[in-house]
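# Topology and contacts: notes
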Amino acid sequence: MTTFTRRRTLQLAGAGALALATPAIAAKRKITVGALRFTSHSASFVALERGYFADVGLDVEFKFFQAAQPMAVAIASKDIDYAVTAISGGLVSLAQKGAIKVIGGALSEEKGIDGQKILASNDAHAAGLTSPAALDGKTWAVTQAGSSFHYMGSKISAAEGATLKYKPLQKVGAIIGALKSSQVDAWSIVPHIAKGLGGAGAVQIIGDVADYIPNYQVTTVFTSADNAANERAATEGFVKAFSAGAADFNAALVDKTAGDGTDMVKLVHKYVYADREFAKAEKSIRAGSMRINQGAALNVTSVEDQLNWFKSEGLVDGDITLDTLLDTSYVETA
Amino acid sequence: MDIHLSNISHRYDATEVMRDISLEIPSSRILCIVGPSGCGKSTLLRIIGGLERPSAGEVGQIGDPPEGCLNPLTYVFQDFALLPWRTVEGNISLVLEDHGIDGAKKQSIIADVLARTKLSDFAKALPKQLSGGMKQRVAIARALVVNPAVMLMDEPLSALDSQTRELLMDDLIALWTRTPFTAVYVTHNLAEAVRLGHQIVVLSRRPGEIREIVEIDKPLSERTFGDPDLEAPQRHLWDLMREEARAADAELIHV
Amino acid sequence: MSEPRPVSFRGGGFAPKSVRWIGAVVFIALIAVAEIGTQTGWISALTLPKPSDVLDTFVQLYQSGLLWKHLTPSLTRLLVGALLGVSVGISVGVLIGLFSYIRSGLVPLVAAIFPIPKIALLPLFVIWFGIDEGSKYALIAFGTFTPTVVATYGAVDNVDRTLIRMGQSFGLSWWSIVRKIVLPGAMPGILSGLRISLAIAIILLVAAEMLGAEYGIGAYILEAGSLYDLERLFVGVAILSLLGIGVSAAIGAIERYLLRWRN
């Protein structure tokens with residue numbers, strides 16, 4: 001622990017220097033970044049397309065995944081260097097085993113910006129599930145125990161004094177199918193999927209997650225513990241480029257201060273919904289644009305709340321501390 | 001009950017197996033059928049018992065089967081056809097169960113037939129524990145238990161060694177002498193034919209036709225091993241068959 | 001005449017026998033290596049859990065009563081699903097073995113269904129049979145059905161035809177022949193098919209519990225996997241292995257009883 005603190009002090013000094021001048025990284029360093037083809041992963045896409053990674057001397061290759069969970073395992077196995085995903089029980093367990101560290105924040109819930117929605121199946125809605133207050137005794141879809149869906153369901157039901165039955169369905173696709181056919185009653189999901197389903201009348205939107213979990217740090221930036229501790233320059237470079245990408249993305253599609261954002265949608269469309277025609281994809285991309293934290297700042301309070309919830313549910317070891325999970329030397333924290 | 005065969009012909013696709021066979025099978029006598037291999041002896045037996053349909057001709061029953069007969073036409077197979085998962089008792093029980101014979105009545109019938117065939121000590125044995133001769137005794141007991149009008153015996157002794165064969169022939173003769181039964185006995189062994197047959201039908205090679213019917217008058221019980229009286233008929237049979245057998249042996253097999 | 005030379009023996013080998021204790025020794029040695037490796041840090045915590053921790057986790061699972069909470073639904077699913085699949089499979093297999101039209105109609109169908117990974121159909125089963133027990137039973141039943149059918153009709157084909165002719169020659173009814181000759185004759189083949197079917201049932205148990213199962217050994221394993229909780233993962237896997245050994249032993253016992261006429 002003492003060595004850690006000493007190194008951290010040095011690292012903080014280095015971070016100060018970075019703010020003043022771009023570090024002179026001689027050779028381009030090859031790194032692999034894990035990503036899902038979701039709008040919420042756009043900061044990395046922007047950083048690559050607009051050359052921010054190249055500016056900090058990183059030669060980035062993307063590796064695409066179908067789900068967040070395997071990305072955490074891929075970081076642990078050193079198949080990828082950096083990734084963005086929700087904090088899950090698996091992520092915490094891997095951090096406990098000394099494999100990974102969370103180094104920054106990405107997606108956040110914010111009042112006033114369209115965030116994650118609470119959904120009810122049509123049958124459940126017809127039977128009276130018209131607001132989260134009626135959730136008691138209902139079934140709640142999750143991918144896995146310990147997933148962000150489980151966390152949201154738990155927080156929402158706690159706030160409403162409701163008891164939920166959790167149905168693990170492994171994949172988002174399976175959940176959508178089960179919800180459409182009213183096999184499960186309720187779920188929460190990012191806005192573009194929620195609006196897509198709600199708009200088609202396949203499900204009913206009954207509330208906002210932000211009302212129950214304000215300032216919810218939905219996804220985080222993470223890397224291997226080895227990178228966080230020993231690859232200072234590359235990691236700082238990644239955070240810097242990622243932040244620049246996030247800033248462009250927020251300006252274009254969240255704050256809408258950079259024109260109509262069509263350029264940004266075109267950029268994102270290369271990675272997300274690439275199999276759909278542009279006009280259709282544009283709608284989904286715009287609808288799914290949530291704020292990516294400025295400077296990849298991390299909401300430690302929210303992360304702590306999530307960690308405590310995992311512990312209270314017995315999903316992770318009770319001895320895990322916030323320090324085991326986080327390396328806060330790279331970004332601003334709140 | 002007599003069996004009457006009229007103009008039986010049979011063919012498998014292009015191969016003519018037998019041609020125009022007409023025959024009387026008188027009751028309480030043993031009729032042997034001999035012939036070179038491939039002459040359709042076994043096929044003829046299956047036709048008589050209704051296990052195969054002849055291409056032409058008819059098999060008729062004359063008169064009614066005797067009182068208490070459960071299965072008028074009953075086979076004894078060359079390879080015994082015993083169910084390996086049933087005991088000796090169970091194998092005999094099998095053919096009674098379907099006729100609604102059960103409980104004590106069944107047990108006494110089985111005990112009786114086992115005693116007749118000298119198998120009482122083996123009632124609980126499984127087929128795998130028995131020698132070939134014992135297995136065939138069980139098969140014969142199973143055939144006798146249904147009081148058949150006609151026993152159809154398909155080379156019943158061919159799978160046995162020669163000593164066992166002699167023993168079983170003696171047993172068959174003893175059984176027939178006690179209660180004469182009707183039997184059609186197919187064999188390629190001429191010694192068996194002259195020991196057991198009242199009448200011996202000689203078939204030609206394929207397509208099988210009746211060459212000759214040989215009668216042997218000496219009572220079964222008086223025929224013995226190496227009986228000089230049987231030498232002449234056996235030689236006569238062999239003379240009839242030699243050329244046929246040689247030709248049949250040289251034929252290519254079409255399968 | 002020269003001096004006789006001894007004929008050298010050349011008939012050895014090619015007759016493996018199973019030596020009882022070797023299997024146990026291999027097991028114990030592997031576990032010992034894992035324990036020592038993880039204790040000394042030569043095997044990292046990320047690679048393998050400590051066997052002693054796994055045992056500890058199992059004991060906790062047992063003491064907390066959760067073991068039965070997970071095992072009971074899984075065993076029920078296995079039992080109901082396998083019973084459905086196997087009994088329908090044997091019936092269909094016998095029918096294919098006995099009737100030309102059914103054979104011609106169903107053999108290609110079974111051949112088409114056999115290679116489908118049943119897991120792929122799980123979402124469909126959820127729509128057809130509901131997300132609760134129905135879809136789980138259906139998946140396991142479907143998975144055991146096809147190998148049972150194939151094993152059964154193969155076994156019926158191999159029943160000695162002379163025994164069937166014998167039954168006919170004694171005037172046995174059709175049903176008697178099926179019950180007393182065809183089924184017992186096909187039993188060895190059916191039982192060895194059952195070994196495969198039931199192993200598949202255990203494999204499918206995990207798949208079946210992917211959708212909508214809160215409790216169950218499969219759900220427990222999946223949860224442990226997603227939490228990257230290696231101790232629990234290994235406990236779950238060990239339970240499945242034990243289940244497999246148990247099923248295999250049970251079939252062995254059934255074989256020894258039903259096929260005692262064979263040895």
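For clarity, every value in this text was computed on a predicted model and none was experimentally measured.

Cut-offs used in this document
All residue numbers refer to position in the chain's written sequence, counted from 1. A letter from A marks each chain and a number from 1 marks each ligand, given out in the order of writing. Per-residue local features of the predicted model are confined to residues with pLDDT of at least 70, and side-chain atom pairs are confined, for both listing and counting, to 80 or more; whole-chain, interface and lining totals are unaffected and use all residues. Side-chain metrics rest on all non-hydrogen atoms present in the structure, leaving aside hydrogens and water. Two aromatic rings, drawn from Phe, Tyr or Trp (for Trp, its six-membered ring), form a pair once their centres lie within 6.5 Å of each other, and the interplanar angle then sorts them: stacked below 30 degrees, edge-to-face above 60, tilted otherwise. Working definition: helices are DSSP H or I runs of at least four residues, strands are E runs of at least two. Numbering for both runs from the N terminus. When a residue's accessible area, from a 1.4 Å probe over protein chains only, is under 20% of the maximum for its type it is buried; when over 50% it is exposed; and in between it is partly exposed. Every axis in this analysis is a line fitted to C-alpha atoms, fitted for helices over the stretch in contact. Angles between the N-to-C directions lie between 0 and 180 degrees. Here roughly perpendicular refers to angles of 65 to 115 degrees, roughly parallel to angles under 35, roughly antiparallel to angles over 145, and oblique to all remaining angles. Rotating anticlockwise by less than a right angle from the far helix to the near helix defines a left-handed crossing, while the corresponding clockwise rotation defines a right-handed one. In this description, contact between two residues means that some pair of their heavy atoms is separated by no more than 4.5 Å. By this rule the span expected of a helix is its residue count minus one, scaled by 1.5 Å. Given a residue, its bend is the angle between the two axes fitted to the seven residues that end at it and to the seven that start from it. Salt bridge criterion: a side-chain nitrogen from Lys or Arg within 4 Å of a carboxyl oxygen from Asp or Glu. The domain limits used here are those given by an automatic or database domain assignment. We define buried area as the total accessible area lost by two parts upon association, computed with a 1.4 Å probe and summed across both.

### Examining the packing of aromatic side chains
All names here are of chain A. A full pass over the atoms with the stated rule returns 20 aromatic pairs over all chains. Between phenylalanine 45 and phenylalanine 62, the ring centres sit 5.4 Å apart and the planes meet at 85°, which makes this aromatic pair edge-to-face. Linking phenylalanine 45 in helix H2 (residues 42–49) with phenylalanine 62 in strand S2 (residues 58–65), this pair joins segments that are 17 residues apart in sequence. No difference in accessibility class separates phenylalanine 45 from phenylalanine 62, as the two residues are buried. Between phenylalanine 45 and phenylalanine 64 the ring centres are 6.2 Å apart and the planes differ by 45°, which places this aromatic pair in the tilted class. Of this pair, phenylalanine 45 sits in helix H2 while phenylalanine 64 sits in strand S2, placing them 19 residues apart in sequence. The exposure class assigned to phenylalanine 45 is buried, which follows from its relative accessible area of 0%. With a relative accessible area of 30%, phenylalanine 64 lands in the partly exposed category.

### Focus: the packing of helix H11 (residues 232–254) of chain A against helix H12 (residues 262–269) of chain A
Residue and element names in this part refer to chain A. H12 packs onto H11 with a crossing angle of 120° between their chain directions and a minimal axis gap of 8 Å. It follows from the interaxial angle that H11 and H12 lie oblique. Both H11 and H12 take part in a crossing whose hand is left-handed. Listed contacts from H12 to Asp248, Phe249, Ala252 and Leu253 of H11 are Met264, Val265 and Val268.

### Remarks on helix H7 (residues 231–250) of chain B
Residue and element names in this part refer to chain B. The end-to-end C-alpha separation of H7 is 28 Å, in line with the 28 Å expected for 20 residues at 1.5 Å each. Of all the bends in H7, the greatest measures close to 45° and is centred on methionine 241. Considered for burial, the residues of H7 that qualify are Pro233, Leu237, Leu240, Met241, Glu244 and Ala248. Summarising the contacts, the buried residues of H7 are in contact with strand S3 (30–34), helix H6 (190–196), strand S8 (199–203) and strand S9 (210–215).

### Here's the deal with the pattern of salt bridges
For the structure shown, the criterion picks out 36 salt bridges over all chains. Measuring nitrogen to oxygen at the nearest pair gives 2.7 Å for the salt bridge that ties aspartate 208 of chain A to lysine 117 of chain A. Placement of aspartate 208 of chain A in strand S9 (residues 203–208) and of lysine 117 of chain A in strand S5 (residues 117–121) is noted, with a sequence separation of 91 residues between them. Using a relative accessible area of 9% as the deciding quantity, one classes lysine 117 of chain A as buried. Between aspartate 255 of chain A and arginine 291 of chain A there is a salt bridge, and its shortest N-O distance comes to 2.6 Å. Highlighted residues: aspartate 255 of chain A in the loop between H11 and H12 and arginine 291 of chain A in the loop between helix H13 (278–287) and helix H14 (300–312), separated in sequence by 36 residues. Three or more residues are tied together by salt bridges with common partners; here these are Arg86, Glu97 and Asp98 of chain B together with Lys180 of chain C.

### Let's talk about the domain arrangement of chain C
Residue and element names in this part refer to chain C. We note that the domain assignment places domain 1 (17–47) and domain 2 (49–258) within chain C. Tallying the contact residues gives eight residues for domain 1 and six residues for domain 2. Interface area for domain 1 against domain 2, summed over the two sides, is near 550 Å², with a carbon-plus-sulfur share of 61%. On the domain 1 side of the contact with domain 2, Glu35, Thr38 and Leu46 bury the most area, a combined 57% of that side's loss.

### Description of the side chain of threonine 117 of chain B
Residues and elements named next belong to chain B. Inspection of the secondary structure puts threonine 117 in the loop between helix H3 (103–116) and helix H4 (132–144). For threonine 117, a relative accessible area of 6% puts it in the buried group. Setting aside residues up to four positions removed in sequence, threonine 117 forms contacts with Arg137, Ala141, Leu144 and Leu175.

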